[in-house]
Every structure is written in C-alpha cells, then in structure tokens.
Amino acid sequence: MAPRPPFPPFDEEAALRKVQAAEDAWNTRDPERVALAYTEDSVWRNRDRFLTGRDAIVSFLRDKWDRELDYALRKNLWDFHGDRIAVRFQYEFRDAGGQWWRAYGNELWEFAEDGLMRRREASINDLRITEAERRIFGPRTDTGREGPLPVR
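Procedures and definitions
Residues numbered from 1 in each chain as written. Predicted model: local features only at pLDDT ≥ 70, side-chain atom pairs only at ≥ 80, totals over all residues. Heavy atoms only, no water. Helix = DSSP H or I, 4+ residues; strand = E, 2+ residues; numbered from the N terminus. Expected span 1.5 Å × (residues − 1). Buried < 20%, exposed > 50% of the residue type's maximum accessible area, 1.4 Å probe, protein only. Arc of directions from axis to C-beta. Contact = heavy atoms within 4.5 Å. Pairing = 2+ DSSP bridges. Phe/Tyr/Trp six-rings, centres within 6.5 Å; stacked < 30°, edge-to-face > 60°. Lys NZ or Arg CZ within 6 Å of the ring centre and 35° of its normal.

Asks: Explain helix α3 (residues 54-67) to me, and be specific about the residues and the numbers.
Replies: With 14 residues, α3 ought to run about 20 Å at 1.5 Å a step, and its terminal C-alpha atoms sit 20 Å apart, in line with that. Along α3, the residues that are buried comprise Arg-54, Ile-57, Val-58, Phe-60, Leu-61, Lys-64 and Trp-65. Taken down its axis, α3 places every buried residue within 165° of arc, on the same side. Opposite its buried face, α3 presents the exposed residues Asp-55 and Asp-66, each directed more than 90 degrees away. Contact partners of the buried residues in α3: α1 (12-28), α2 (31-35), β1 (38-46), β2 (49-52), β3 (69-81) and β4 (84-94).

Asks: Give a description of unusual backbone geometry that names residues and reports values.
Replies: Of the consecutive residues Pro-5 and Pro-6, the connecting peptide bond is found in the cis state with omega at 0°. Summarising the element assignment, Pro-6 is placed in the segment before α1. Even without glycine at this site, Asp-70 takes up a positive phi of about 55°. Accessibility expressed as a relative area gives 34% for Asp-70, which makes it partly exposed.

Asks: Please provide a residue-by-residue account of the pairing of β2, values included.
Replies: In the sheet, β1 pairs with β2 via 4 bridges, with the strands oriented antiparallel. Within the sheet, the bridge partner assigned to Trp-44 lies in β2 and is Leu-51.

Asks: Explain the packing of aromatic side chains residue by residue, including any values.
Replies: For the structure shown, the criterion picks out 10 aromatic pairs. Where Trp-26 meets Trp-44, the ring centres are 6.0 Å apart and the plane angle is 20°; that geometry is what we call stacked. Placement of the pair is Trp-26 in helix α1 and Trp-44 in strand β1, with a sequence separation of 18 residues. The burial state of Trp-26 is the same as that of Trp-44; both residues are buried. Here Phe-89 and Tyr-91 contribute two aromatic rings whose centre-to-centre distance is 6.1 Å and whose plane-to-plane angle is 10°, an arrangement assigned as stacked. Relative accessible area serves as the criterion here: at 2%, Tyr-91 is assigned to the buried category. In textbook terms, an aromatic cluster arises when at least three aromatic residues are bridged by ring pairs, as seen for Trp-26, Tyr-38, Trp-44, Phe-60, Trp-65, Tyr-71, Phe-89, Tyr-91 and Phe-93. Residue placement shows Lys-75 over the ring face of Trp-26; its charged tip is 5.4 Å from the ring centre. A cation sits over an aromatic face here: Arg-120 above Trp-44, 4.2 Å from the ring centre.

Here it is as structure tokens:
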C-alpha cells in the first residue's frame, strides 16, 4: 500500500489535513476508496461492531451506505499527540422509510509510520430529526475550515 502523508508525529497543520482528508473520502461514499486510508490489518470499533482488516472495512461501509441514504459528514479536529488524532463529527442521513437522522460521535485514531490508520474507535449516537432540521448538505465546498460543529 502506498504511504499516506502526512505522517506521524503530527503537528496541528498535519492533523487538520488528516481530518479533512478523512471527511472528503467518507463523503464520496466509496468503500474501496475510504478503505485505502487504513492498514491491511486495521482494527476498528464502530458503535458495537468490531472489525479487523481492510476487507471487513469495505464490507461494513457498503452495508452502511446501503442503509444510510444521502449521507453527508463533517469532522473536526479535537486533539492530537504523536501518532494519534481525536475527532468530533456529525453526519446526517435518511433511512429507507424517509426518516432523517443526525449522528453525533467521537473517533480516536492511531496511525502507522506510513500514515495509514491502524486503529479506529468510534462512539456514535443517533438523533431523529426532521428534514427541516437538516444542516449538513453534501461535501464541503469551502476549505473545510468552517469552524466547530454546533453543539446541538
């Protein structure tokens, strides 16, 4: 697998670039593309699911985006140190019945020397919203530095 700069240890600029690159990739909703950011043996905890390996990640993401329609994500850097980054995020989607949801969460990331993520821990909570309450619409069209996510 090709190295994925920036490489740890991260400074603030590098951590912000990693977070924005992750947001951009996830907003493509392309499981194969997203999985390229992870080591072959990457370990994940996503809510109550535990995954190991890139193939499991691709399968998980395919299933996710088959259920979570019109998915749009925002990530913000929370903190960083050495080879680790903490992220706060929100995303919105609708289910097959047309109900809109906003998911709130935090991720803890750990990177290998080649810049690929070797560990991802995600804690996520969902909130039912109306279509009128939506505030995330597709990928960012600016530089990605629109400031912190709203609390609610």
